[in-house]
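Residue strings, one per chain:
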Amino acid sequence: MRVDSDAVALVQGGVELTYGEVNGRANRLARHLVDVGVVPGGVVGVHLERGPELIVSLLAVLKAGAAYTLLDPAFPVERLATIVTDAGVRVLVTRDDLARPLPESGPRRVLLDRDAALIAARDDSDLSVVCGGWGAACVMFTSGSTGRPKGVVASHRALVSTFVGPDYLEFRADDVYLQSSPVSWDAFALEVFSALFHGGRTVLPVGSRTDLEEIAGLVAGCGVTVLQLSASLFNVLVDDYPGLFAGLRTVMTAGEAASVSHVARVCERHPGLRVLNGYGPVESMGFTTSHLIGGVVEGAGSVPIGVPLAGKQVFVLDEWLRPVPVGVPGELYVAGSGLAHGYVGRAGLTGERFVACPFGGFGERMYRTGDVGRWRRDGALEFLRRVDEQVKVRGFRIEPREIEAVLMRHERVVQCAVVVREDRPGDKRLVAYVVPGVGGRVDAEGVRRFVGGVLPEYMVPAAFVVLEALPLTANGKLDRRALPEPLVGGDAEGRAPRTPEEEVLCGLFAAVLG
């Protein structure tokens, strides 16, 4: 759609950019990218701090006909190098100061600060590059069970059909979105394109991490009307910043199972607020289903995840890919316009997760989510649980085995296990259990630093527990229920209970200490 070129598109601090300014800057950068070798179908890495420059750069990549992959400067260098290699990045858009820690060999660099004069001299008119709907638009990386992240290749069709056409949001030109999600998260696309595709405004916090005070301040100070939050963050804001919701028109919670009590409180306090509970894996671009919550029934055990968006489908199937009756749990499979091409460079994994859809036309596929859900009698979907080891913590999808693979690279660790614990209701956290070699010792803080040097912050366990041995079941498998609760302070050294008597004592101490 065409919007007023003088309308404000992006806001950060005291800086505002209009649609005309954003478009002109993106066009100039796009022409520069084409001249340095970017071609339709290629992948360009965007390695910038959150800000207008980041948005302009990803738009320039799209205008050049290529796909962008966002590289969070807060990620460890090794993680960034893996993404660059796996995505096949040939050109990297960054700044001189940000690029210094990265290996000099590799993709060609476009340094926005050093190349500023050259870029500014380019023509700012729209380019004539044409991209087909099936062309790659972005590559988004998520946790992988093999120790390497998985790059999900999403098409222009998936991007546009998710944010143009469906009515789960009002998509108003006077809406103001807060871009509070990490730039590496798929929710980033919703917070940016839902505004830009419809003439709205996106407010960008300063820095790569957004704290609660800043979110509350920006919502009030910038007139934010639409806010997307992970379920965990939603709960914290409901508890600690209840007044934040008063000025909103729409709030969305997603990424984890919604808290019934927190959703009920918001609905009761703000009856005019549109409260949405969304669901969707990154393999289906943003929300696949959405539920507009009119209120929470007393005694409800969960909040529905709703019905599929226009152009998207969800099937609840048994192990033979047969639809299950209403009320019967089954695995969720998603299909439709939002479906990704697959995982970049991972043909085997793509074939395993993206399977032929028996309910569509020739060649149509569906994605096996690994989630279990069921249809309710009112036609809405209800999420129940995961079927594999993949977990979500604070809205981030995490494969514990990826963290375990990093832990096993530590020279003093011979065994490990990473689990999600919820020792206090609503407080999900990753806990790593490590076993040193015979006669050796492991410093928990040293292991924490080691993991933090390889993995992004959200994948670093909240606590590290050193054990003499991992507890096992009678058939030799890891006994997860016997893993001890970490000390209140976080890291701990100790061992798991070895006998029934020790288990009883541990239980008694846990009951006394709370």
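The structure we're discussing is the one just above.
A quick note: this is a predicted structure, and the numbers were derived from the prediction, not measured.

Analysis parameters
- Residues numbered from 1 in each chain as written.
- Predicted model: local features only at pLDDT ≥ 70, side-chain atom pairs only at ≥ 80, totals over all residues.
- Heavy atoms only, no water.
- Helix = DSSP H or I, 4+ residues; strand = E, 2+ residues; numbered from the N terminus.
- Rg over C-alpha atoms; globule rule 2.2 N^0.38 Å.
- Contact = heavy atoms within 4.5 Å.
- Areas by Shrake-Rupley, 256 points an atom, 1.4 Å probe, with all protein chains shown as cover.
- Lys, Arg positive; Asp, Glu negative; His and termini not counted.
- Charge placed at Lys NZ, Arg CZ, Asp CG, Glu CD.
- Salt bridge = Lys/Arg side-chain N within 4 Å of Asp/Glu carboxyl O.
- Buried < 20%, exposed > 50% of the residue type's maximum accessible area, 1.4 Å probe, protein only.

### Looking at the overall build of the protein
Across its full length, the protein holds 14 helices and 27 strands. For the protein, whose C-alpha radius of gyration is 24 Å, the value lies close to the compact-globule estimate of 24 Å for 514 residues. Once the C-alpha set of the protein is aligned to its principal axes, its extents read approximately 75 × 55 × 50 Å. For the protein, the share of sequence-separated contacts (at least 6 apart) that also reach a separation of at least 24 residues comes to 63%. Entry remark: accessible area of the protein is about 22,500 Å², with carbon and sulfur atoms responsible for 53%. For the protein, the centre of its 53 positive side-chain charges and the centre of its 61 negative side-chain charges are spaced 4 Å apart.

### Here we look at the pattern of salt bridges
Going through the model one piece at a time under the given rule, you end up with 21 salt bridges. The shortest N-O distance in the salt bridge between Glu 402 and Arg 79 comes to 2.6 Å. With Glu 402 in helix H12 (residues 400–407) and Arg 79 in helix H3 (residues 77–87), this pair connects stretches of sequence that are 323 residues apart. Owing to a relative accessible area of 0%, Glu 402 belongs among the buried residues under this scheme. Across the pair Asp 174 and Arg 172 runs a salt bridge, and its minimum N-O distance is 3.0 Å. The exposure class of Asp 174 is partly exposed, given its relative accessible area of 44%. Counted as one network, the salt bridges with shared partners bring together Arg 172, Asp 174, Asp 175 and Arg 249.

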